[in-house]
Every structure is written in structure tokens, then in C-alpha cells.
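# Coordinates in review
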Amino acid sequence: MKLSARNQLKGRIVEIVKGATTSHVRIDVNGAIITSAITNESVADLQLEVGKTAYAVIKASSVMVGVD
């Protein structure tokens, strides 16, 4: 798989919560949890399941920074 996105974070799927049309997929990347909202159809097409290795691919035009 080759992508133009620079931020490709390899991890393991720890949870998939299916809704009516959208699923929330949680990926553990070295202890940090990344959550993605994708269609239920994409979950099925990619054959996603808990324990499977997956990549969180982040492509954004801007990144916000916050502090306490």
C-alpha cells in the first residue's frame, strides 16, 4: 500500500462500535488510541476485526494545537 499521506500510524484494532450506518474503529498505536468514524460498509470491505493490525492514516490541511 502506498499513500501520499505522511502520517501513517500502524497499530492494532482494539474496538469496533457499529451504529446504524457508521462504525467507530479504535486503534491502539503504541498506547495512544486513535478513533476513526467510517461506514459500516468500509468495515466489512476491509474485513476489520478486533486484534487485526491496521493503519490510522491522517491527512489534514491544518492541525490545531491546544494547551491547558
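For the structure given in this document, a descriptive report is provided here. Everything quoted here is computed from the prediction, not taken from an experiment.

### Remarks on the overall build of the chain
Within the chain, the secondary structure is distributed over one helix and four strands. When the backbone C-alpha atoms are referred to their principal axes, the chain occupies close to 35 × 30 × 25 Å. The buried share of the chain, taken over its 68 residues, is 18%. Here the contacts in the chain between residues at least 6 apart in sequence split such that 43% fall between residues at least 24 apart. For the chain, the exposed area adds up to about 5400 Å²; of that, 51% sits on carbon and sulfur atoms. Of the side-chain charges in the chain, 8 are positive and 6 negative, and the distance between the mean point of each set is 10 Å.

### Quick notes on the side chain of serine 23
Its location among the elements puts serine 23 in strand 2 (residues 22–29). In this structure serine 23 comes out as buried when scored by relative accessible area, which is 0%. Looking at serine 23, its side chain comes within polar contact range of the side chain of asparagine 40, at 2.5 Å. Other than its neighbours up to four places away in sequence, serine 23 contacts Ile16, Val17, Lys18, Ser36, Ala37, Ile38, Thr39, Asn40 and Val43.

### Section: the sheet that holds strand 4 (residues 53–58)
The antiparallel open sheet is built from four strands, whose spatial order is 3-2-1-4. The open sheet has two edge strands, strand 3 (32–39) and strand 4, and neither has a second partner. With strand direction ignored, the average angle separating the axes of adjacent strands in the sheet is 45°. Sheet topology places strand 1 (residues 7–18) next to strand 2; six bridges connect them, and they run antiparallel.

Parameters at a glance
- Residues numbered from 1 in each chain as written.
- Predicted model: local features only at pLDDT ≥ 70, side-chain atom pairs only at ≥ 80, totals over all residues.
- Heavy atoms only, no water.
- Helix = DSSP H or I, 4+ residues; strand = E, 2+ residues; numbered from the N terminus.
- Buried < 20%, exposed > 50% of the residue type's maximum accessible area, 1.4 Å probe, protein only.
- Contact = heavy atoms within 4.5 Å.
- Areas by Shrake-Rupley, 256 points an atom, 1.4 Å probe, with all protein chains shown as cover.
- Lys, Arg positive; Asp, Glu negative; His and termini not counted.
- Charge placed at Lys NZ, Arg CZ, Asp CG, Glu CD.
- Polar contact = N/O pair within 3.5 Å; in protein donor to acceptor, adjacent residues only side chain to side chain.
- Pairing = 2+ DSSP bridges.
- Axes fitted to C-alpha atoms, helices over the stretch in contact; angles between N-to-C directions.

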